[in-house]
Amino acid sequence: MSLTIDITGLPEERLLFAPSPLAELNAMLHVLAEPAHHPALHGWAGSTTTVIPPELSERLLEADFLWRSSRADFLVPGLPGATLDEELDAVDRIDDELYVAAALVTTCGSSRLTRRMGSPLTDPVANERARELALARGPRQAAFADRLLADPPAVRALVRRMLEDCRSAFFADAWQRVLPDLAADARRKADLLARRGLAEALADVSPSVALDQGGDGRRRIVIDKLQDNTTSGTDAGGVTFVPTAFGRPHLLVVHARGWRPVLQYPVAEAGLPEPVSLALVQQRLEALAHPVRLRLARTMARGPHTTGELASAWQLSAPEVSRHLAVLRKAGLLTTRRRGRYMLYELDLAGSARLGTDFLEAVLR
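Residues numbered from 1 in each chain as written. Predicted model: local features only at pLDDT ≥ 70, side-chain atom pairs only at ≥ 80, totals over all residues. Heavy atoms only, no water.

What to know about empty space enclosed by the protein
The tally for this structure, following the rule as stated, stands at 2 cavities of 30 Å³ or more. Forming the walls of the largest cavity are Leu22, Phe74, Leu75, Leu88, Val91, Asp92, Tyr99, Arg156, Val159, Arg160 and Leu163. Breaking the lining of the largest cavity down by element, the ones donating at least two residues are α4 (84-92) and α9 (152-196). Among the elements that take part in the lining of the largest cavity, α9 stands out by supplying 4 residues, more than any other. A class-by-class count of the residues in the lining of the largest cavity yields 8 nonpolar, no polar and 3 charged. Here the second largest cavity is characterised by a volume of approximately 40 Å³. Taken together, Ala27, Arg71, Thr244, Gly247, His250, Leu252 and Gln264 make up the lining of the second largest cavity. (1 Å grid on protein atoms, 1.4 Å probe; cavity = no way out; pocket = protein on both sides within 12 Å on 5 of 7 lines; lining within 4 Å. Points joined across faces, edges and corners; volume = space filled by probe spheres on them. Helix = DSSP H or I, 4+ residues; strand = E, 2+ residues; numbered from the N terminus. Nonpolar A, V, L, I, M, F, W, Y, C, P; charged D, E, K, R; others polar.)

Quick look at unusual backbone geometry
For the peptide bond that leads from Arg248 to Pro249, omega is 10°, which places it in the cis range. Secondary-structure assignment places Pro249 in the loop between β6 (239-244) and β7 (252-254). With a phi angle near 50°, Gln315 is a residue other than glycine that sits in the positive phi range. As for its position among the elements, Gln315 is in the loop between α14 (307-313) and α15 (318-330).

Quick word on the pattern of salt bridges
Within the structure shown, the criterion is met by 21 salt bridges. For Asp6, the salt bridge goes to Arg218, with nearest N and O atoms at 2.7 Å. Highlighted residues: Asp6 in strand β1 (residues 3-6) and Arg218 in the loop between β3 (209-213) and β4 (219-223), separated in sequence by 212 residues. The exposure class assigned to Asp6 is buried, which follows from its relative accessible area of 14%. Arg220 serves as the salt-bridge partner of Asp212, at 3.7 Å between the closest nitrogen and oxygen. Among the charged side chains, a network of salt bridges with common partners joins Asp85, Asp89, Asp92, Arg160, Glu164 and Arg167. (Salt bridge = Lys/Arg side-chain N within 4 Å of Asp/Glu carboxyl O. Buried < 20%, exposed > 50% of the residue type's maximum accessible area, 1.4 Å probe, protein only.)

Printed below as a string of structure tokens:
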């Protein structure tokens, strides 16, 4: 499954790499709402939670579905500004219908309202359906949807004040700390785009992002996401790439109709491994699903072995062992080194550990 951004005919100068204070605040709010998604940020989430005033905590809880499982598109600007105020001013200029539609996607847990029905501000059927979907998500979502549909300007003002209050409570300090790295990463990606081309710039963004130059003459950015959907950067006048320090491991994509496509991607961090694609994870799981390969992996987890040693240990033929080793090696699960005329194979414990501590403990048991 993938999300595709059509960029056919789009000049590369329309591809923008830039940090965004509002998008980074959005990422921070998501960390506070879903700390289990971000184990490396548990310390920050815990210490930040303790300094947020109780009244602001309550308001954040009332609206956390705007950034918890999915993000409202207006929180990830297509044209980032230099300051949070500048970006919030741009949000204020969005018309009510577009703002409400974006908020309801997260509040109702569905984009069906925007695809299949009229505006819930003017269409009674869509209005009632929005309230039903929000109620199914919970009482907080239902109350928010009722207020939003009844008085969009009032709710928009409340959301803005809440985001402004986050600045003094925790965002300003965190933003100043991460901004230099975000700006440096954006410059690096822009330089890579100019010198080496879009394919290499996208590869540097994430192994889950690639350039597809099909035989039909079209150019597309393809992102590995849990959905099959398409949008057009050409029609929107460009595509924006926003680096984030608090968004890891998520790749967040704004792709709804009426919005400029935006990809918010995590910057590389010292001491943390580079992300791998879902396809590689699947390849590794499939490689280990075979009982013989799992047995060989457990053997090699204890130390390096030759093909002959593995064949003798498990009463297998050398060619059979070689075939299984080739699968494991292609999945990136083995390390090799030569000893004289023999090749030694060993399970890559660091790479295997990324599949989970339960797996690593099981093969070392």
